[in-house]
Amino acid sequence: MQGYFGDKRSNPWHRIIPDIEKYWPRKEIGRLGETLLLIRAGVFAALDMLSLAVAVDTPVSEVLKVFVGESDWPAGKKAARSHCSRLAEQLIAKGELRFLLPSALKRDGFGYLLGPLEKAQWDEFCKAKPKIKRKKLDLTALEESILGSEFLASQGITESRIPEDDERVPALVEAYEHYVVEYEVNRTSRLPHWSETEQTTLNGSALEEPGRAKQKRQETHEPGSQTDQAELTDYVAQRTSTKRSQAKTKKRRKS
């Protein structure tokens, strides 16, 4: 894909999907979907966002349209990644979290999504609190949530509903309450304490404000320091050497 901007004829990413759909042999129409999925995976991998290939429900043709609309590879890659990251943010806001994996997002440079994603997963888990319905402990919502499925697996529970008189019910409800407390404590202790005005990179690391960087340089390079003195000494020595050379040249000319 990087070669597209240098040679569009040899790398026709601007028309590859329409051409495949138009000229694909009818006798092999069953393989069209598989081919498009492979192209989708390849495009997302080339743009270093394979973690969003399944999670983001958008046609690969749309991603390619954003990509080829830029002037060069860095701009095209950045535009496509920004477009898909906005779609991922929308998924998180709507609570559609099933295919958003924190480790994969972090690997692909979307670390800034981890905070909102973790909060959304936590909200989903809390809303899925098991309740007694029709004389059964309903675990359906808990089972469908990411943290909930992990919790049930840790408790050895495979059913989605348990009779309320089952001896496991009190222990399960108590374990849920303990999990809520422990997870909340661990989650808050791991939150980064950025200031309100501090910006972050796409990987989630803090960006230093220009004013602060300038202040640091001034603090580490104050007038009268050893560095300044060394530079002043070098400058004086250089000027002295130059003047001596000019004086010698004048003497030779006079003689």
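Refer to the structure above for everything that follows.
Everything quoted here is computed from the prediction, not taken from an experiment.

Peer 1: Explain the side chain of Thr58 to me, and be specific about the residues and the numbers.
Peer 2: Within the secondary structure layout, Thr58 lies in the loop between α2 (32-46) and α3 (60-68). Among the polar contacts made by the side chain of Thr58, one reaches the side chain of Glu62 at a distance of 2.9 Å. Contact partners of Thr58, with chain neighbours within four places excluded, come to Arg40, Val63 and Leu87.

Peer 1: Give me the lowdown on the packing of aromatic side chains, citing residues and values where you can.
Peer 2: The tally for this structure, following the rule as stated, stands at 12 aromatic pairs. Ring centres of Phe151 and Tyr176 lie 6.0 Å apart, and the angle between their planes is 80°; this geometry places the pair in the edge-to-face category. Residue Phe151 is located in helix α8 (residues 146-154), and its partner Tyr176 is located in helix α9 (residues 168-189); the two are separated by 25 residues in the primary sequence. The same class applies to Phe151 as to Tyr176, namely buried. Every member of this aromatic cluster is reached through a ring pair, and the members are Trp122, Phe125, Phe151, Tyr176, Tyr179 and Tyr183.

Peer 1: Can you tell me about the environment of Lys8, naming the residues and giving the values?
Peer 2: Considering the arrangement of structural elements, one finds Lys8 in the segment before α1 (16-23). In this structure, the C-alpha to C-alpha distance between Lys8 and Val68, residues 60 residues apart in sequence, is 9.8 Å.

Peer 1: Outline α2, listing residues and values.
Peer 2: If you check α2, its first and last C-alpha atoms are 21 Å apart, about what 15 residues at 1.5 Å a residue would give, namely 21 Å. Taken together, the buried positions of α2 are occupied by Leu32, Thr35, Ile39, Arg40, Val43 and Phe44. Viewed along the axis of α2, the buried residues span an arc of 165°, placing them on a single side of the element. For α2, the exposed residues lying more than 90 degrees away from the buried face are Glu34, Leu37 and Leu38. Phi turns positive, to about 55°, at Asp48, one or two residues after α2.

Peer 1: Now, about the pattern of salt bridges: what can you tell me, with residues and values included?
Peer 2: Tallying each qualifying case throughout the model produces nine salt bridges. Residue Asp108 pairs with Arg107 through a salt bridge whose shortest N-O separation is 3.0 Å. In this structure, Glu159 engages Arg168 in a salt bridge whose closest nitrogen and oxygen atoms are separated by 2.8 Å. Classification of Glu159 by relative accessible area gives partly exposed; the value is 28%. For Arg168, a relative accessible area of 31% corresponds to the partly exposed category. One network of salt bridges, with partners in common, ties together Glu159, Asp166 and Arg168.

Conventions we followed
- Residues numbered from 1 in each chain as written.
- Predicted model: local features only at pLDDT ≥ 70, side-chain atom pairs only at ≥ 80, totals over all residues.
- Heavy atoms only, no water.
- Helix = DSSP H or I, 4+ residues; strand = E, 2+ residues; numbered from the N terminus.
- Polar contact = N/O pair within 3.5 Å; in protein donor to acceptor, adjacent residues only side chain to side chain.
- Contact = heavy atoms within 4.5 Å.
- Phe/Tyr/Trp six-rings, centres within 6.5 Å; stacked < 30°, edge-to-face > 60°.
- Buried < 20%, exposed > 50% of the residue type's maximum accessible area, 1.4 Å probe, protein only.
- Expected span 1.5 Å × (residues − 1).
- Arc of directions from axis to C-beta.
- Salt bridge = Lys/Arg side-chain N within 4 Å of Asp/Glu carboxyl O.

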